[in-house]
Amino acid sequence: MDISMIIVLGLPVLYATGSLKKIVANTGVGGRCFVLYFVCTAALSFLPAVTITQNVSLNLAGTFFCIAPAVYLTLIKAYTCRFYIAFVLTTFVSVVSSLIFTYTPAYLPYLVIGIVSIGALIFFKARAPVFAPVLTGVFSVAGSMMQLCTDMYMTPWLDSLGTASVSLVICLVAAYLVTRRRGRHAANRRADIVPAQTENNKV
């Protein structure tokens, strides 16, 4: 069992036990959607890749993992100019890396995880866990298109469940820690301001 299956199967269990309820609530995603998202991904992971053409195949679990959040964000109208900036930057990095590396280096998944996680946290903050799989899908599709244009070998599309799931976990924890710290500071600041205003009113 690889890291992606551990994450896909483990996160719903942790949510059911109550360990992730506050962290998931911080993203604005409902608990049922969160659990159903991973259950569907786990079910699709047992299906084989679908061959589209002679040189292109589609990973069903990876496709759902990256596209389902994109559909969700469309329904709640969460796309802003920040997303399009992140989209362009992610595509640019993916294309450049495809041109630089004539072969896929062993550390490329770690590079993708780092780029996606940092970018999602910078641009989307609390909603970074929702945008992380989408950006991973953008990176994967852009890289696959470049490989298809430069080399005529079998190219699996959206075969990035491992990197997408790890990026989601990193953003899930990091976004919660960052927003929680800010919330405490804001609460302390309000507590300091209110008594001062009350004393001024009494005078």
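Residues numbered from 1 in each chain as written. Predicted model: local features only at pLDDT ≥ 70, side-chain atom pairs only at ≥ 80, totals over all residues. Heavy atoms only, no water.

(A) Looking closely at unusual backbone geometry. Even without being a glycine, lysine 77 presents a positive backbone phi close to 55°. In this fold, lysine 77 is placed in the loop between helix 4 (60-75) and helix 5 (81-100). (Helix = DSSP H or I, 4+ residues; strand = E, 2+ residues; numbered from the N terminus.)

(B) Expanded view of helix 7 (residues 128-150). Relative to the 33 Å expected for 23 residues at 1.5 Å per residue, helix 7 spans 32 Å between its end C-alpha atoms, a close match to the ideal helical length. Judged by how many residues are buried, helix 7 sits mostly within the fold: 17 of 23 residues are covered. (Expected span 1.5 Å × (residues − 1). Buried < 20%, exposed > 50% of the residue type's maximum accessible area, 1.4 Å probe, protein only.)

(C) Expanded view of the confidence of the model for the chain. For the chain, per-residue confidence averages 83 on the pLDDT scale, and 83% of positions sit at 70 or higher. Note on residues 183-203: pLDDT is under 50 here. Beyond four places in sequence and across chains, it has one contact. (pLDDT = per-residue confidence, 0-100. Contact = heavy atoms within 4.5 Å.)

(D) A look at the packing of aromatic side chains. Under the criterion given, the structure shown has 13 aromatic pairs. Residues tyrosine 15 and phenylalanine 34 carry aromatic rings whose centres are separated by 5.7 Å and whose planes lie at 45° to one another, so their mutual orientation is tilted. Of this pair, tyrosine 15 sits in helix 1 (residues 3-16) while phenylalanine 34 sits in helix 3 (residues 31-44); the two residues are 19 residues apart in sequence, bridging distant segments of the chain. In this structure tyrosine 15 comes out as buried when scored by relative accessible area, which is 16%. With 4.9 Å between their ring centres and 65° between their planes, phenylalanine 34 and phenylalanine 38 make a pair best called edge-to-face. With a gap of four residues between them, phenylalanine 34 and phenylalanine 38 both fall in helix 3, about one helical turn apart. Here phenylalanine 34 and phenylalanine 38 have matching classes, each one buried. Ring-pair connections join several aromatic residues into one group, and the members of that group are Tyr79, Phe83, Tyr84, Phe87, Phe123, Phe124 and Phe131. (Phe/Tyr/Trp six-rings, centres within 6.5 Å; stacked < 30°, edge-to-face > 60°.)

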